[in-house]
Amino acid sequence: MAKPKLALIPAAQGSDKLFSVLPSSGVGDFDFIRPSSATRINSKGLIEEVATKESRLNYPLIDGKVVGCPHHILEPERRNLVTYSEDFSQGYWTKLNSSITSNSVISPDGSLNASSFTQSGGTAEHSIYNTLPTLTSGAKYAGSVFLKYDDWQYFQVRFRSGGFGGEIGVIYDAINKTITTTNGNLLSSKVEDYANDWVRISIVAQSTSANNFAGLVVAYNNSGTVFNDPDSVPNTGANAYIWGVQVEQGSYPTSYIPNNGESDGVTRAAETANGSGSAATFNDSEGVLMAEISALPQTSRIALNDGTTSNNVRFVYDAGANRIDGIVFNGSNQFASQYTLPIQGSFNKISLKYKPNDFALWVNGFKVGSLIGSGSTFTEGTLSELDFDAGSNGLLPFYGSTKQIQYYNSALTDIELEQLTSWTSFTDMAQGQQYSIK
Amino acid sequence: MANTLKFGNGNWATKEGSALAYNDENGNFKPLPFDFSRASSATVINKDGLIEEVGSNIPRIDFLGNTQGAFLLEPSRSNFYTQSNLFSFGGNVTSNNALSPDGTLNASKITKTSSSDQFVILPWSASLSTSTTYSLSFFVKHNGDDLDLRYESNNYNDWGATPVDDGGVSWNALFEVRENSVIASTVNNCTSNVINFGNGWYRVVVYVTTSSSITPTSPSNLIRVIGSDTKQFLMYGAMFEQGSYSTSLINTQGSTVTRLADSCNNGANEQVINSTEGVLYAEVSLLSPATSSAIISLSDGSSNRLFFEFFTANRLYAIIENGSSSFNTVQTITQTNNNKLAFKYSASGCKLYINGVGYSFSGLNFSSGTLDTLNFASSNGTSAKFIGNVKDVRVYNTALSDSELAALTQV
């Protein structure tokens, strides 16, 4: 198979750049912008802060362990509304029949800064909760908390009824690391394994009013089945470990944003990565654009373009349909193929071949769309840059994870495209798509 | 011949909502994920031989007595015992005394304090239906002493039973707990079984069929512990479920808990299924003889389809149909055995192979690109769900020869 003309294979973090390994001149590097710090999962599986302007190389976790090669992550702007996300000794946190011992165990960031959350008092609700700034009515919020099992099995993680019109959340089984019951108008929830037996439990709900008594509650629960029984939990002096609470406006949770006392919250700015390549990099007549990506659930694009939206070879992720579109556009669609992805949030290997009268979209080793015998491409000197957006003014930025981007300046054969969009072994394929091998 | 879809055979990968099949033609591995759902948590025997709880929508690979693993699909069941692992006993109970079948220190030591028979009490909560079989079970491990355990119904009124002359109980089953075995012994008005779970743990099971319907008040079963003073054994995980066979343990803590049914569909695509000829292969076993249809199908999601159908009276059908024509063969098999089955289809004829033996029947022609879906259910994905263990499923895109099919299904 021919050597790619441009290749982004995440191997290093850079200030203001996403480095492409090809071409070696650096013309393939993406200009990267994020005017704030952020966090990532490092090679040890620990949460680590990344400085302003520095791109993020994130390592995948399967069952709490780092498995496989890292990927770049690009996320939208989010604000953690929780004033003290790690220091639960602050009066900001109301401890109801419970106590906090700070700096008890190693947290998901590898420091001795996670707290013990211990029962006290009688048979009553043992909980900890905060009060958030006034919510926006009708907006969706994602709440999340890191928990680690010590000696009590069931916990509620829920939004307070203020602002949400009811107690919306889940019962979490800390032994089996699973959600056993949900309650209220919960839009989604998930449990993610982190290193050292930590999990991040996330819940998403829609605010129903601009109430100023909204907050996130973590409470001991008596069973895995009855949501409203925290009042009947006996005081056994049981304990759990807690760290890293985040409440952010949005329909899905994003990477952890620490807040150590900012009452207005701490904001992680949106990330952009654009401007890779030049007119000399790209063949206007024929070529292949390949991406191995996992998109966050909002509609976005990756486009090889002319600096506008008038000419492009693009991938479109349609979040509502969980669909990838491969489109070649030079004033009108010369080729457009749609493929519904089997699973939301998985990595997929996608290739789009363009050549006059010969177009094809490949996904995960299969040709899922093609056009033979019609369609034109671009006049010489048209295609000039590759962007993680639609190609103009930051329109429809791509948010998600990228394991690789490749560009070939000739149209590959079907055999080559099959190989390019496949994996080399069962293990490689399964882990590459975040499956747990049994 | 090209094996265009592989699922299992020791290569298992799962995540929430998906079980992974694949195509590895040309040395290129391509995912062919199934959609998987189960709207509740469940337990499974993991690779270490331990009972492990998995969350909602997580597929289960079961390694009980099988180092290669098997994809487990179970029906919905409820555990009517309200405390599956908290036991009341007339002698001493030491909770969290030993490692249980789940690998944690939560098995109870049951110790006699009298030379007379003493009883473990297992409260339950359910309405029983008439002429219905129930499976009752618990885990037991020898702990230095030989003794006998008699699983008893307790109050026969709770079972709507007519008193029988056996001391006032309507059913009972004796189990002999010995150093290297647990033996199912005599039974009255029930049948029994013992399943070896390894590490010295055995699951003893009693099957009881009711003769009337009843909603008892505060019912319980008994385990009569027979042996001299100070004799002891280890106990874990009691389960009382409606059904003629026992299923994976459902943990309860104060109330009954329901594990919902597994469902796995929408595997494959039109590129790995040749609609004009091919082979569907399955190495599978049912959890119990079928009382209704259980199907594994290749289809277009509708009336163009071919499938294995396990049916009552130990029948296995191989059926091919297109909405207007239907052809089949039916054979008798032991459905709970591990059977290697191959369904060769083509316009010129079909053949069902069962453990190396072939049976011919007429074929049908599907136009190219018709068949695109592999379901562990009928073509609609909802009816006749397959319930059982799946060790290996494959799709071939050519009609294999008789010798190839015989070799493929040879046991």
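In this text, all values refer to a predicted model and were calculated from it rather than measured experimentally.

*Asks:* Just checking my understanding: could you explain the side chain of Ser108 of chain B for this structure?
*Replies:* All names here are of chain B. Within the secondary structure layout, Ser108 lies in strand E12 (residues 105-111). You can call Ser108 buried: its relative accessible area is 1%. Setting aside its immediate chain neighbours within four residues, Ser108 contacts Phe87, Val93, Thr94, Ser95, Phe233, Leu234 and Met235.

*Asks:* Would you mind going over the pairing of strand E4 (residues 30-37) of chain B with me for this structure?
*Replies:* Along any regular strand the residues' side chains alternate between the sheet's two faces. All names here are of chain B. Of all eight residues in E4, six are buried, a share of seventy percent or more. In this structure, strand E3 (residues 18-23) lies alongside E4, joined through six bridges in antiparallel fashion. Directly across from Tyr22, in E4, lies its bridge partner Pro31. Connecting the antiparallel pair E3 and E4 is a turn made up of six residues, with Asn26 showing a positive phi of about 60 degrees.

*Asks:* Help me understand the interface of chain A and chain B, please; the structure alone is not making it clear to me.
*Replies:* Where interface size is quoted, it is often the accessible area lost as the parts come together. With 30 residues of chain A in contact, the opposing surface of chain B contributes 32 residues. Between chain A and chain B, a total of about 2500 Å² is buried, with carbon and sulfur atoms accounting for 56% of that surface. Three residues stand out in chain A for area buried against chain B, namely Phe366, Phe426 and Lys438 of chain A, and they jointly supply 31% of the buried area on that side. On the surface where chain A and chain B come into contact, there are one salt bridge. Residues Glu418 of chain A and Lys30 of chain B are paired through a salt bridge, measuring 2.7 Å at the closest nitrogen-oxygen approach. Here chain A is connected to chain B by 13 residue pairs in polar contact (both at pLDDT 80 or more). Elements supplying a minimum of two residues to the side of chain A that touches chain B: strand E18 (178-183), strand E32 (366-372), helix H1 (414-420), helix H2 (426-432) and strand E35 (436-437) of chain A.

*Asks:* Looking at this model, I keep getting lost on the side chain of Ser85 of chain A. Mind explaining?
*Replies:* Residue and element names in this part refer to chain A. Checked against the element boundaries, Ser85 lands in the loop between strand E10 (78-80) and strand E11 (94-96). Using a relative accessible area of 0% as the deciding quantity, one classes Ser85 as buried. There is a polar contact of 2.8 Å between the side chain of Ser85 and the side chain of Tyr256.

*Asks:* So what exactly am I meant to see when it comes to the nonpolar core here?
*Replies:* Nonpolar side chains tend to gather and get buried jointly when the protein is soluble and globular. Phe7, Phe71, Phe310 and Phe376 of chain B are the most contacted members of the largest nonpolar core, which totals 48 residues. Counting residues per element, this core draws most heavily on strand E24 (residues 277-286) of chain B, which supplies four residues. With near-sequence residues (within four places) excluded, Phe376 of chain B lies in contact with Phe7, Phe34, Phe71, Leu73, Cys264, Asn265, Ile295, Ile296, Lys385, Phe386, Val390 and Val393 of chain B. Counting 39 residues, the second largest nonpolar core, distinct from the first, contains Leu81, Tyr92, Phe164 and Ala205 of chain A.

*Asks:* What's the story with the sheet that holds strand E27 (residues 312-318) of chain A in this structure? I'm lost.
*Replies:* Backbone hydrogen bonds are what pair the strands of a sheet, in a parallel or an antiparallel way. Residues and elements named next belong to chain A. Taken in spatial order, the five strands of this open sheet run E29-E28-E27-E26-E33, and their pairing is antiparallel. In this open sheet, the two strands that pair with only one neighbour each are strand E29 (333-340) and strand E33 (385-387). Each neighbouring strand pair of the sheet contributes to a mean axis angle of 10 degrees, computed without reference to strand direction. Examined bridge by bridge, E27 and strand E28 (residues 323-329) share seven bridges and lie antiparallel to one another. Bridge pairing links Tyr317 to Ile324 in E28.

*Asks:* Any chance you could explain helix H1 (residues 402-409) of chain B here in plain terms?
*Replies:* Owing to its 3.6 residues per turn, the α-helix aligns residues three or four sequence positions apart on the same side. All names here are of chain B. Among the residues of H1, Leu405, Ala406, Leu408 and Thr409 are the ones counted as buried. Down the axis of H1, the smallest arc covering the buried residues is 165 degrees, so these residues share one side. Among the exposed residues of H1, those pointing more than 90 degrees away from its buried face are Ser403 and Ala407. Elements that come into contact with the buried residues of H1 comprise E24, strand E29 (339-346), strand E30 (350-354) and strand E33 (388-396).

*Asks:* Looking at this structure, I do not really get the sheet that holds E18 of chain A. What am I missing?
*Replies:* All names here are of chain A. Judged by pairing direction, the sheet is antiparallel, and its six strands sit side by side in the order E11-E14-E21-E16-E17-E18 without closing on themselves. Looking at the sheet topology across the chains shown, the edges are occupied by E11 and E18. The mean angle between the axes of side-by-side strands here comes to 15 degrees, regardless of whether they run parallel or antiparallel. Where strand E16 (residues 154-159) lies against strand E21 (residues 216-220), five bridges are found, and the strand directions are antiparallel.

*Asks:* What exactly am I supposed to notice about the packing of aromatic side chains here?
*Replies:* Between two aromatic rings, the relevant description is the distance of the centres plus the angle of the planes. All names here are of chain A. Under the counting rule described, the total for this entry stands at 45 aromatic pairs over all chains. Centroid distance Phe117 to Tyr220: 5.1 Å. Interplanar angle 50 degrees. Geometry classified as tilted. With a gap of 103 residues between them, Phe117 in strand E13 (residues 114-119) and Tyr220 in strand E21 connect regions that are remote in the sequence. Given a relative accessible area of 0%, Phe117 falls into the buried group.

*Asks:* Just to check I follow, could you spell out the pairing of E16 of chain A for this structure?
*Replies:* All names here are of chain A. In terms of burial, E16 is largely enclosed, as six of its six residues are buried. A two-sided burial pattern is seen for E16, the buried positions comprising Tyr154, Gln156 and Arg158 on one face and Phe155, Val157 and Phe159 on the other. For E16 and strand E17 (residues 168-173), the ladder comprises six bridges, and the chain directions are antiparallel. What sits directly across from Phe155, in E17, is Tyr172.

*Asks:* Any chance you could explain unusual backbone geometry here in plain terms?
*Replies:* The omega torsion of the bond from Leu22 of chain A to Pro23 of chain A falls at -5 degrees, within 30 degrees of zero and hence cis. Here Pro23 of chain A lies in the loop between strand E2 (17-18) and strand E3 (30-33). Despite not being glycine, Asp63 of chain A has its phi angle at roughly 55 degrees, a positive value. Counting through the fold element by element, Asp63 of chain A comes out in the loop between strand E7 (61-62) and strand E8 (65-66). Looking at Asp63 of chain A, the relative accessible area reads 48%, which means it is partly exposed. Positive phi is not limited to glycine here, since Asn189 of chain B has a value of about 60 degrees. Here Asn189 of chain B lies in the loop between strand E17 (181-188) and strand E18 (191-198).

So, how was this worked out
- Per chain, residues are indexed from 1 in the order of the written sequence.
- Following the order in which they are written, the chains are lettered starting with A and the ligands numbered starting with 1.
- Only residues with pLDDT of 70 or above have their local features reported here, since the model is predicted, and side-chain atom pairs are shown and tallied only from 80 upward, although totals for entire chains, interfaces and linings are computed over all residues.
- Side-chain calculation: all heavy atoms of the structure are included, whereas hydrogens and water are not.
- A run of H or I in DSSP counts as a helix once it spans at least four residues, and a run of E counts as a strand once it spans at least two, with each numbered from the N terminus.
- Summary of the burial criterion: residues with accessible area below 20% of their type's maximum are buried, those above 50% are exposed, and those between are partly exposed, where the area comes from a 1.4 Å probe applied to protein chains only.
- Whether two residues are in contact is decided by their heavy atoms: any pair within 4.5 Å suffices.
- Should DSSP find at least two bridges between two strands, the strands are taken to pair.
- Once two parts are put together, the accessible area they lose, assessed with a 1.4 Å probe and summed over both, is termed the buried area.
- Salt bridges are counted wherever a side-chain nitrogen of Lys or Arg sits within 4 Å of a carboxyl oxygen of Asp or Glu.
- Polar contact is the term for a pair of N or O atoms within 3.5 Å; when the atoms are in protein, one must be able to donate a hydrogen and the other to accept it, and sequence-neighboring residues count only if both atoms are side-chain atoms.
- Here, nonpolar core means buried Ala, Val, Leu, Ile, Met, Phe, Trp, Tyr and Cys residues that are tied together by side-chain atoms lying within 4.5 Å of each other.
- The angle between two axes is taken between their N-to-C directions and runs from 0 to 180 degrees, where each axis is a line fitted to C-alpha atoms and a helix contributes only its stretch in contact.
- Directions are taken from the helix axis to each C-beta atom, and the arc is the one they span.
- The rule is short: rings of Phe, Tyr and Trp, with Trp giving its six-membered ring, pair when the centres are within 6.5 Å, and they are stacked under 30 degrees, edge-to-face over 60, tilted in between.

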